Amino acid sequence: MNVQHINIKLFIENPQAVRLDHFAGIFNTWIQRRLTDDLLIDVADYLHVHHGPGIVLIGHEANYSLDNASGRLGLLYNRKEQLDGTTQDKLVQAVRSTLTAARRLEQEQRIKFVGGELQLVVNDRLLAPNTLETFAAIEADLKTLFDRLYKGRGYELNQGPDPRERFTVNVKAAAQFAVEALLQNLGVEPVHA
C-alpha cells in the first residue's frame, strides 16, 4: 500500500493554558523565520468553528494547526504533498515533523504535550478506507514505528470503528514520554533553547 497524506495529532497536556488567539502571530513568525523544513505560506483562523481546526499554519507540503477536533486540543500535522519512500519512511517523516514542531512550541510557548498518546490518520479514503483490511496492510509498519518511538515499551493501537470516517489509529503508550525523548528515539539530536 502506497500510504500518503499522513496526519499526526499530538495532544496538549495543559489546554486550559493555551490562548489560541495568540497563535496567528506566532505562526506568522514561523513563516518569516522559516522555522520548518516545509515551505510555509499563510495562517488561517478558524476559531469561530466549534471543535474545528483552530489556527492553521498553511504550507505547500504540509499544514500545522492547533486543532480542537473532537474537543481535544492538539498539534496536528497534515501532510498534503506525496513523498517517495517506504510506508515506514513516510510515517517516520510525519511523526518527526510533528514532534519537531511540538518541541518548538514547548520551548517557546510553554505548551506541554502528552508524549504517550497520539492519533494517526491517513487522509485518503480511497487509498486507505477505514477497514480491518487497511489496518492489516499497515499494522507491521505501525508496530515498527511505535516500537522505535516508545523504545519497546508497551502501547496499544486502536483503530477508529466508524467505516465512514478516515482511517484513524489512536496510539496510547503504557508510559509517559517527553517530546525530546521521542525525538531522540527517532534519532533526532536534542536542541536547547
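Remember, it's a predicted structure, so these values are computed and weren't measured experimentally.

A. Local environment of empty space enclosed by the protein. Per the stated rule, a full pass over the model turns up one cavity of 30 Å³ or more. Space inside the largest cavity adds up to approximately 40 Å³. Residue lining of the largest cavity: Val3, Gln4, His5, Ile6, Arg79, Leu83, Lys90 and Gln93, and that is the complete set. Its residues assigned to classes, the lining of the largest cavity comprises three nonpolar, three polar and two charged.

B. Spatial organisation of the packing of aromatic side chains. Evaluated as defined, the whole model comprises seven aromatic pairs. Relative to Trp30, the ring of Phe27 lies with its centre 5.3 Å away and its plane at 65 degrees, an arrangement referred to as edge-to-face. Here Phe27 pairs with Trp30, and both are found in helix α1 (residues 23-33), just three residues apart, close to one helical turn. Owing to a relative accessible area of 0%, Phe27 belongs among the buried residues under this scheme. The exposure class assigned to Trp30 is buried, which follows from its relative accessible area of 1%. With centroids separated by 5.3 Å and ring planes inclined at 65 degrees, the aromatic side chains of Tyr64 and Tyr77 adopt a geometry described as edge-to-face. Taken together, the residues Tyr64 in strand β4 (residues 62-67) and Tyr77 in strand β5 (residues 74-79) connect sequence positions 13 residues apart. The structure contains a cluster of three or more aromatic residues connected by ring pairs, namely Phe146, Tyr150, Tyr155 and Phe177. Stacked on the ring of Phe11, the Lys or Arg Arg72 has its end atom at 3.8 Å from the ring centre. Across from the ring centre of Trp30, 5.9 Å away, lies the NZ or CZ of Arg104, which sits over that ring.

C. Seen up close, the sheet that holds strand β3 (residues 54-59). The strand order β2-β3-β4-β5-β1-β6-β8-β7 describes an open sheet built from eight strands, whose pairing is antiparallel. Of all strands in the sheet, those bounded by a partner on one side alone are β2 (40-46) and β7 (155-159). Across the sheet, the axes of successive neighbouring strands diverge by a mean angle of 15 degrees, strand direction being ignored. Pairing of β7 with strand β8 (residues 167-173) involves five bridges; the strand directions are antiparallel. Bridge pairing in β8 links Gln159 to Val169. Together, β2, β3 and β4 form the strand contacts of α1, whose direction differs from that of β2 by roughly 175 degrees. Here helix α3 (residues 132-149) sits on the sheet in contact with β6 (113-122), β7 and β8, set at roughly 155 degrees to β7.

About the thresholds
In this numbering scheme, every chain counts its residues from 1 along its sequence in written order. Owing to the predicted nature of the model, reporting of local features is limited to residues with pLDDT of at least 70; listing and counting of side-chain atom pairs is limited to 80 or more, with chain, interface and lining totals taken over all residues. Only hydrogens and water are removed before side-chain values are computed, so all heavy atoms of the structure are retained for them. A pocket, in this scheme, is an open set of points on a 1 Å grid over the protein atoms alone with protein on both sides within 12 Å along at least 5 of 7 lines, while a cavity is a set where a 1.4 Å probe fits but cannot get out; residues line either one if an atom lies within 4 Å of a point. Grid points are joined across faces, edges and corners, and a volume is the space filled by probe spheres set on the points. Any residue that is not Ala, Val, Leu, Ile, Met, Phe, Trp, Tyr, Cys, Pro, Asp, Glu, Lys or Arg is counted as polar, Gly included; the first ten are nonpolar and the last four charged. Aromatic contacts are taken between Phe, Tyr and Trp rings whose centres are within 6.5 Å, Trp giving its six-membered ring; a plane angle under 30 degrees counts as stacked, one over 60 as edge-to-face, and the others as tilted. Numbering of helices and strands runs from the N terminus; a helix is a DSSP stretch of H or I covering at least four residues, while a strand is a stretch of E covering at least two. Categorising residues by exposure relies on relative accessible area from a 1.4 Å probe, with only protein chains included: less than 20% of the type maximum marks a residue as buried, more than 50% marks it as exposed, and the intermediate range marks it as partly exposed. Throughout this description, the term charge over a ring refers to an Arg CZ or Lys NZ atom that lies within 6 Å of the ring centre and within 35 degrees of the ring normal. Two strands make a pair as long as DSSP finds a minimum of two bridges between them. Only the contacting stretch of a helix is used when fitting its axis, a line to C-alpha atoms as for every element, and angles between N-to-C directions run 0 to 180 degrees. Any two residues whose heavy atoms approach within 4.5 Å are treated as being in contact.

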